[in-house]
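Working through the structure, step by step
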Protein chains: 2
Amino acid sequence: METVSRQSSAEFHSLLQEQENCNNSEVQTRSRELKMKRSLVGSTNVFYSNRHACQTMGMASSHSRITSHQNVTPSFYIMFKIPKHQVAGHQAIDGNLGPLVEDSGRFYKPLQDDERGTTELAFYQSFSSKLPHHIRGFFPVFYGTQLVEASDGSGLRPHLVLQDITSNHLNPSILDVKIGSRTWYPEASEDYIQKALEGDRLTTTVTLGFRISGVQIYESKESGYWKPARKEVKSFSADDVRLVLRKFVSSNLEPEPDCCFASTTYGGRSGILEQLLELKAWFEDQTVYHFHSCSLLLLIDKESVLNGRTVPFVEVKLIDFAHTVEAEGVIDHNFLGGLCSFIKFVSEVLTDSKVSTIEASFN
Amino acid sequence: METVSRQSSAEFHSLLQEQENCNNSEVQTRSRELKMKRSLVGSTNVFYSNRHACQTMGMASSHSRITSHQNVTPSFYIMFKIPKHQVAGHQAIDGNLGPLVEDSGRFYKPLQDDERGTTELAFYQSFSSKLPHHIRGFFPVFYGTQLVEASDGSGLRPHLVLQDITSNHLNPSILDVKIGSRTWYPEASEDYIQKALEGDRLTTTVTLGFRISGVQIYESKESGYWKPARKEVKSFSADDVRLVLRKFVSSNLEPEPDCCFASTTYGGRSGILEQLLELKAWFEDQTVYHFHSCSLLLLIDKESVLNGRTVPFVEVKLIDFAHTVEAEGVIDHNFLGGLCSFIKFVSEVLTDSKVSTIEASFN
C-alpha cells in the first residue's frame, strides 16, 4: 500500500452560513469560520477545497486522480448536513465525528487520522485503474478529497468526497452487510486482531460468513421506517437475518413479511441477485484487493414504481475500505466465501417467495 | 450430531500371524493374540470383526449402514501393514497410534477416544444418505467399523474401515491439502480454538484459505520420491505452494518443474480442475455439513500411462471428518472460500503450462 503523510500548508479563511435546523430534526447544517488548507498526501499534492475547487481541478470524474498542485480560491460555500439515511458506522450526531452530505449528491467521509484513513484514501485513489470497467459501478464514485469542518467541532479535517448513494431517494430501504467470516487480517496489529476476532465471534460473522451492520426498511407513509437499534442488529441470529431479508423486500412487514417485492428486487435480470453473482464471478478471479471489514450496501426504493418505473430501483455497492489491502496474487477467499453465503440467503428468500406466489395462485 | 458411547461386551480370542518385515523396510505386518470385541455405538450395534465378518454383515457397500447385531466368528485373519504412502496425520510408526492397511485395499483408521472419534464415525455412518449421488465419489468408500489391534500396542481399538485410496498404485504422487481459512469452529472448546487459530496463523491457512499438510511426488525410478519433512511442509509460503503444485504434475522436478503432466492431470474433462469445480458447485449450495479441518487428497499416478491409459490416473477425495458438524442451513463458506482459492492456484499452473507449451512450439 502507498504510505501517506499529511502536512498542512497555506491557510485561508471564509465563512459558512449559520447552523440551522432544516426540514426534519435529523438534518442539520453547519456554519462557522472555515479554514481551507492545502495539504500534501504522500508524493501527491492534494487540495482540500470546496466543490467548485474540486471541479476546477478535474476531480468530478469517478476515475480521475489528484495529480496537480494549484492554489484555488473558493467561489461559493457548501451546505453540509448529517446524512438522513445512514444505517451503520460513526454518525455525525451529538458532537461526534461522522460523515456529512450536501444537496448535490455528495457524501463527505472524514479521513481517519491513523492507518485506516491512509488505507482508504490509497484505495480510492487507485481502484479505478485497477478494476475492470464492469466492476467499477459496484463502488461509489470518488470525487477526490476536501478539507471540511469536522462534525465534532474539532476544526478542518480532510474528507473523502464520494457519491451519496441515497440521494434522489425519498424513502430508501437500506441494508449494510459486512462481508467475510473474518474482519481481521494478518498485517493488522495484535490489538486489532483480538478485538475484531471477539466481534466476529459475538455476531454472525463467523457462523454465516457475514453480519448485518445496519438496516432501515421503509414500510409506508403511516408506519414510516423499521430501523432496529444497533444493539439489536448486533445480536441478530441466523433466523433474524432470514427475517430481515424477507422484510427488506416486503410492503407489509407484520405479522408476516409479504415479500411482494422479492421477485422484482432480488430477482430479475438487473436485480440484486444477478448483481451479486456478477460480483462473485469477479471475486473468484481477482487478485488485486482483499476487502477486510468491507460492507455490501443494498438499497431498494420501493416508491420508485410510483414515479413510473416498472420495477423498484435497486442499488448494490461496496463501501468501507479502511482495511482493504493488496491481495498479493491470492483471491479474497474470505470475502468470496461470505458473499456466497449471503447469496444463498438471498436466493432462498427469492425461491420461497416464488413458491408462495404459486401456492397463492392455486388457492 | 448423534452422540456416541462405547461399551465393550463379549470377547473372543484369535491369533494373527507373527509380525515380520515384508518387501520393503517401510512395510510391516503385525501379529499377536487378537481380542475381538463387540461394542455398542450409540443406539446402533456395531461389530468389530475381521474382513469376512464385515462382508457377512453386508458392509462391503460404500453406502450400507451397520444396523444388525450378530455374533460373528472370524473365518480368517487379516495382515495389517503400515501405509506406505501416508503423507499427513498420525503415523503408525515407532509405537505410535496410526492407520493400518491390508492387501485387499482397505484402510483402517483408529477411532479417536474423544469427541473426534464420535464425530467422524457419525459422519461416515450418515453421509451416504445425505449426499447427492454424484458427490459420493468424492468420499472414501466406508465399509463399517472393526476392532483391530492398535498400532501403538495398546490393545484392541475400534477402527473405521475405509477404502485405501493408494492401493493399486505402485508410485502414486499424493497431495494432502487442508481446506479452509479457519480450522476451528464456534462449537469447539476454547482450548481447541486457540490452538487451531495459532496453527492457522502460522501456516498459509489464513492467508491462502488452505494449507498443504503433506506431499509426496514420484519423480523416477532413479530419483524416487520428493517428500519434504513435515516441518518444512508446515512452513510453506504462498510461493512454495505454487512450486509444489508445479512439481506435482512434473516428470522432472529440478531445476525447474517441467509441468509436463499439467494438461492431462489438472486439465481435461475428468481432470482435477473439473472435479474441483464440480465439488465447488456443490459447496455453493449444500447446507448439510461444515467440514472443518478436512483435507482434499489429490492422487496422481503418472506411471498409469505405461499400463495403457492415455492420460495419467487422477483421484480427488475428501478425508478427515473428525471436526465435521451439521451445517444448520448455512453453506460451508469457510471450505468454499478456501476451495476457490485452491482452484485459482491450480488453474494458474494449468494456464502457465499451456503458455509454456505454446511458446515452446514456436521456438
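Residues numbered from 1 in each chain as written. Chains lettered and ligands numbered in written order. Predicted model: local features only at pLDDT ≥ 70, side-chain atom pairs only at ≥ 80, totals over all residues. Heavy atoms only, no water.

1. A few points about the environment of Gly329(B)
Note the threshold: Put simply, DSSP marks the helices as runs of H or I at least four residues long and the strands as runs of E at least two long, and each gets a number from the N terminus on. Partly exposed residues are those whose accessible area sits between 20% and 50% of the maximum for their type, while under 20% is buried and over 50% is exposed, using a 1.4 Å probe and protein chains only. Any two residues whose heavy atoms approach within 4.5 Å at even a single point are treated as in contact.
Within the secondary structure, Gly329(B) is located in the loop between strand E14 (324-326) and helix H10 (333-362). Note on Gly329(B): relative accessible area 26%, which makes it partly exposed. Along the chain, Gly329(B) and Thr287(B) lie 42 residues apart, while their C-alpha atoms are 4.9 Å from each other. With sequence-adjacent residues up to four places away left out, Gly329(B) is seen in contact with Arg242(A), Glu348(A) and Thr287(B).

2. Concerning the packing of helix H4 (residues 190-202) of chain A against helix H4 (residues 190-202) of chain B
Applied cut-off: Axis definition: a line fit to C-alpha positions, over the contact stretch in the case of helices; interaxial angles, taken between N-to-C directions, run 0 to 180 degrees. Orientation categories follow fixed angle ranges, with anything under 35 degrees roughly parallel, anything over 145 roughly antiparallel, 65 to 115 roughly perpendicular, and all other angles oblique. Crossings are classed by handedness, with left-handed meaning an anticlockwise turn of the near helix from the far one by less than a right angle and right-handed meaning a clockwise turn.
At a minimum axis separation of 14 Å, H4(A) and H4(B) run at an interaxial angle of 130°. Regarding the angle of H4(A) to H4(B), the classification is oblique. Of the two elements, H4(A) crosses H4(B), and the hand of that crossing is right-handed. Contacts between H4(A) and H4(B) involve Glu190(A), Ile193(A), Gln194(A), Leu197(A) and Arg201(A) from the first element and Glu190(B), Ile193(B), Gln194(B), Leu197(B) and Arg201(B) from the second.

3. Some thoughts on the relation of the copies chain A and chain B
The condition is simple: A residue counts toward the fit only if its pLDDT is at least 70 in both copies, and the copies are then superposed by least squares on the C-alpha atoms of those residues.
Screw-axis analysis of chain A against chain B gives a translation of 0.0 Å along the axis, an RMSD of 0.0 Å, and a rotation angle of 180°. Interpreted geometrically, this transformation is the action of a two-fold axis. Of the C-alpha atoms belonging to chain A, the one lying closest to the rotation axis is found on Gly337(A), 2.1 Å away. Both copies share a contact surface, since 100% of the interface residues of chain A are interface residues in chain B too.

4. Some points on the interface of chain A and chain B
Defined as follows: Buried area counts how much accessible surface, traced with a 1.4 Å probe, disappears from two parts once they are put together, with both parts' losses summed. Salt-bridge detection follows one rule: a side-chain nitrogen of Lys or Arg within 4 Å of a carboxyl oxygen of Asp or Glu. Three classes are used: nonpolar for Ala, Val, Leu, Ile, Met, Phe, Trp, Tyr, Cys and Pro, charged for Asp, Glu, Lys and Arg, and polar for all others, with Gly counted as polar.
Listed as interface residues are 32 residues of chain A and, on the opposing side, 32 residues of chain B. Summing both sides of the interface, chain A and chain B together bury roughly 2,300 Å²; the carbon and sulfur share of this comes to 58%. Among the residues of chain A in contact with chain B, Arg201(A), His333(A) and Lys344(A) are the three that bury the most area, contributing 24% of the side total. The interface formed by chain A and chain B holds six salt bridges in total. Elements supplying a minimum of two residues to the side of chain A that touches chain B: H4, helix H5 (205-208) and helix H10 (333-362) of chain A. Considering each element in turn, the side of chain A that touches chain B owes the most residues, nine residues, to H10(A). Classifying every residue of the side of chain A that touches chain B gives 11 nonpolar, 11 polar and 10 charged.

5. A few points about the domain arrangement of chain A
Residues and elements named next belong to chain A. For clarity, the cut-off: All domain edges in this entry derive from an automatic or database-based domain assignment.
Assigned domains within chain A: domain 1 (100-163) and domain 2 (170-361). Taken together, the contacts link 19 residues of domain 1 with 17 residues of domain 2. For the domain 1 face of the interface with domain 2, the top three residues by lost area are Phe123, Lys130 and Phe138, together amounting to 38%. Counting every contact that joins domain 1 to domain 2 gives two salt bridges.

6. Some details on the nonpolar core
For the record, the criterion: Residues grouped as a nonpolar core are buried Ala, Val, Leu, Ile, Met, Phe, Trp, Tyr and Cys residues, joined through side-chain atoms within 4.5 Å.
Core analysis: the largest hydrophobic core is formed by 124 residues, its most contacted members being Leu296(A), Phe342(A), Leu296(B) and Phe342(B). Those residues within four positions of Leu296(A) in sequence are excluded, and the remaining contacts are Leu175(A), Asp176(A), Val177(A), Ile179(A), Leu276(A), Leu279(A), Val316(A), Lys317(A), Leu318(A), Leu339(A) and Phe342(A). Trp184(A), Val325(A), Tyr185(B) and Val206(B) belong to the second largest nonpolar core, which has 16 residues in total.

7. Remarks on the pattern of salt bridges
Taken as a whole, this structure holds 31 salt bridges over all chains when the rule is applied. Close ionic contact of Lys280(A) with Glu284(A) constitutes a salt bridge, the shortest N to O distance being 3.3 Å. On the basis of relative accessible area, Lys280(A) is assigned to the buried category, the value being 12%. With relative accessibility at 21%, the residue Glu284(A) sits in the partly exposed group. Residues joined in a network through salt bridges with shared partners are Lys280(A), Glu284(A), Lys280(B) and Glu284(B).

8. Examining the state of the cysteines
In plain terms, the rule: When the sulfur atoms of two cysteines come within 2.5 Å, that pair is taken as a disulfide.
Tallying each qualifying case throughout the model produces zero disulfides over all chains. Free of any disulfide, Cys340(B) has its nearest neighbouring cysteine sulfur in Cys340(A), separated by 5.8 Å.

9. Quick look at the environment of Thr310(B)
Residues and elements named next belong to chain B. As for its placement among the helices and strands, Thr310 is situated in the loop between strand E12 (295-301) and strand E13 (313-319). We classify Thr310 as exposed; its relative accessible area is 77%. Distance from Thr310 to Thr264, taken between C-alpha atoms, is 9.1 Å for residues 46 residues apart in sequence.

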